[in-house]
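Analysis of the macromolecular model
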Amino acid sequence: MDYYEASRRKAEELAKQETVRILSLETSCDETAAAVIENGRKILSNVVFSQIDLHELYGGVVPEIASRAHMEACDRVIDQALREAGMSLEETDALAVTKGPGLVGALLTGVNCMKGLAFAAGKPLVGVNHIEGHVSANYLTHPDLEPPFLCLVVSGGHSHLVEVEDYGVYRLLGQTADDAAGEAFDKAARVLGLPYPGGPRMDRLAEEGNPEAFSLPKPKTAGPYDYSFSGLKTAFINTVHGLEQRGETLPKADLAASFRRAVCRELMDKAEALVSSASWAADHQGHRAFAMAGGVSANRELRRMAAAMCERQGLKLYMPEIPLCTDNGAMIGSAAYYRLRRGEVSALNMNAEPALRLV
Ligand code: KG4
Ligand code: ZN
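The paragraphs below set out a description of the structure included in this document. (Residues numbered from 1 in each chain as written. Chains lettered and ligands numbered in written order. Predicted model: local features only at pLDDT ≥ 70, side-chain atom pairs only at ≥ 80, totals over all residues. Heavy atoms only, no water.)

Before going further, it helps to spend a moment on the coordination of the zinc ion (ligand 2). Ideal geometry at a metal gives 109.5 degrees between four tetrahedral donors and either 90 or 180 degrees between six octahedral ones. Those donors, His130 (NE2), His134 (NE2) and Asp327 (OD), are the protein atoms that reach the zinc ion (ligand 2), and they lie 2.0 Å from it. Mapped onto the sequence, the donors of the zinc ion (ligand 2) take the spacing H-x3-H-x192-D. Residue His134 is located in helix H5 (residues 130-141), and its partner Asp327 is located in the loop between helix H12 (322-325) and helix H13 (330-341); the two are separated by 193 residues in the primary sequence. Both residues of the pair, His134 and Asp327, count as buried. (Donors = N, O, S within 2.8 Å, 3.2 Å for Na, K, Ca; no water. Helix = DSSP H or I, 4+ residues; strand = E, 2+ residues; numbered from the N terminus. Buried < 20%, exposed > 50% of the residue type's maximum accessible area, 1.4 Å probe, protein only.)

Okay, empty space enclosed by the protein next. The full count for this structure, using the stated rule, is one cavity of 30 Å³ or more. Its boundaries defined by the atoms lining it, the largest cavity holds a volume of some 50 Å³. Lining the largest cavity, in full, are Glu132, Ser136, Tyr139, Tyr167, Gly168, Tyr170, Ala335 and Tyr338. Elements with a contribution of two residues or more to the lining of the largest cavity: H5 and H13. If one sorts the elements of the lining of the largest cavity by residue count, H5 sits on top with three residues. (1 Å grid on protein atoms, 1.4 Å probe; cavity = no way out; pocket = protein on both sides within 12 Å on 5 of 7 lines; lining within 4 Å. Points joined across faces, edges and corners; volume = space filled by probe spheres on them.)

Strand order in the open sheet formed by five strands is E3-E2-E1-E4-E5, and the pairing between neighbours is mixed. Looking at the sheet topology across the chains shown, the edges are occupied by strand E3 (42-50) and strand E5 (125-129). Adjacent strand axes in the sheet meet at a mean angle of 20°, parallel and antiparallel pairs treated alike. Each of strand E1 (21-26), strand E2 (31-38), E3, strand E4 (94-100) and E5 is contacted by H13, which is oriented at about 125° to E1, the strand it contacts most. (Pairing = 2+ DSSP bridges. Axes fitted to C-alpha atoms, helices over the stretch in contact; angles between N-to-C directions. Contact = heavy atoms within 4.5 Å.)

For the pair helix H6 (residues 181-191) and helix H7 (residues 198-206), the least separation of the axes is 7 Å and the interaxial angle reads 70°. By the angle between their axes, H6 is roughly perpendicular relative to H7. Read as a crossing pair, H6 and H7 show a hand that is left-handed. On H7, the residues that touch Phe185, Asp186, Ala188 and Ala189 of H6 are Gly198, Gly199 and Met202. (Parallel < 35°, antiparallel > 145°, perpendicular 65-115°, else oblique. Left-handed = near helix turned anticlockwise from the far one by under 90°.)

Within H6, burial applies to Ala181, Gly182, Ala184, Phe185, Ala188 and Ala189. Along the axis of H6, the buried residues cluster in a sector spanning 160°; they form a single face. Looking one or two residues beyond H6, the residue adopting positive phi is Gly193, at roughly 80°. (Arc of directions from axis to C-beta.)

Attention now moves to the sheet that holds strand E10 (residues 316-318). Strands belonging to one sheet form pairs held by backbone hydrogen bonds; the direction of such a pair is parallel or antiparallel. Across the sheet, five strands lie side by side as E8-E7-E6-E9-E10; this open sheet has mixed pairing. Strands at the two margins of the open sheet, each flanked by one partner only, are strand E8 (169-175) and E10. Sheet twist, expressed as the average angle between the axes of neighbouring strands with direction ignored, equals 25°. Of the strand pairs in this sheet, strand E6 (residues 149-154) and strand E7 (residues 159-166) are connected by six bridges, and their pairing is antiparallel. Paired with Val153 across the two strands is His160, which belongs to E7. Strands E6, E7, E8 and strand E9 (289-293) of the sheet are contacted by helix H9 (residues 252-275), whose axis makes an angle of about 160° with E6.

One water molecule sets the probe size; rolling that probe over the atoms shows where empty space is left. What the largest pocket holds in volume is close to 1,500 Å³. In terms of lining, the largest pocket is formed by 48 residues, of which the most central are Asp30, Gly156, Asp186, Tyr196 and Pro197. When residues of the lining of the largest pocket are traced back to their parent elements, those giving at least two are E3, H5, H6, H7 and H12. Broken down by element, the lining of the largest pocket gets its largest block of residues, seven residues, from H6.

Read these as spatial facts, not as claims about activity.
In structure tokens, the structure reads:
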């Protein structure tokens, strides 16, 4: 029996098993992260090795440096995740790895590493969509959360409003026409001279500023629930250049606060327009749940605005705890559990898919 057939049979057995523990690896960008997750919900270990120090000098992620650093860190991070979970590789039930989207070289490092381990140990391997991983981070923080729910996915590469109809089943309701929210934060941070990664630094600085100090235009979009951030970014850059040309000292905290307010308002206004629309409200009487996912869901103001919006609209709010908002291995292990339960396993010809979509 070949590896794939054996994996499929093992997955069928695991679907009946009470406790399933998955070792997962995430290497799509600049974090080498591994975790051991029980039944998609419980974190037995979660190790994140950040490469920020390596990329800071260049003001952003350098793909070649990221791939090499993943290669060097993979084994160590996996060993540590197993050790902290108190398990050996043999004692795990299945393996999982991010297959996309992300940087191709970085993804390939993780995919090849886990293919080798899975084949050698005779364990099923599940290739996971990174964005599905971000959504699944909510299952780790909120053991009671079950689909269906609405989810605002806001990361470095995505700004999506999706309906999570079931585990692994998504319907796209809105998306960005240009930049993602995280990307906009990073670019604005760079204009203020803040080091990479800009998003969290903008957030911290913004806490000390006046969000009404500068007015930025409201983005125009094609659909009522779509997003656009490039106009906001350009207006922000022009504001900063105007101040510089007049020789004024940049009020950085006020600028950061004003930009953050504009981005968060755009994100939340659209989400609120959707949940208060007659058709959505009529369809969702029984399950009024709103979740957020991805790096930008760590943003303090976005979390405050989401809480206020859900209060107004009578929705239950779900957000991953802060360390699970940004890239980690635990979310990949959670997503993999629900794929594995449906018998979805990967063959050894699985490839990295840098442009993989959620829907
Ligand atoms: O989800 P993530 O870790 O990686 C991707 O899949 O893209 O998201 C990273 C993005 C970066 O753009 C980062 O600046 C942004 O999330 N980010 C934040 C915050 N924390 C991370 N943006 C605003 N406020 C934050 N607190
Ligand atoms: Zn991510």
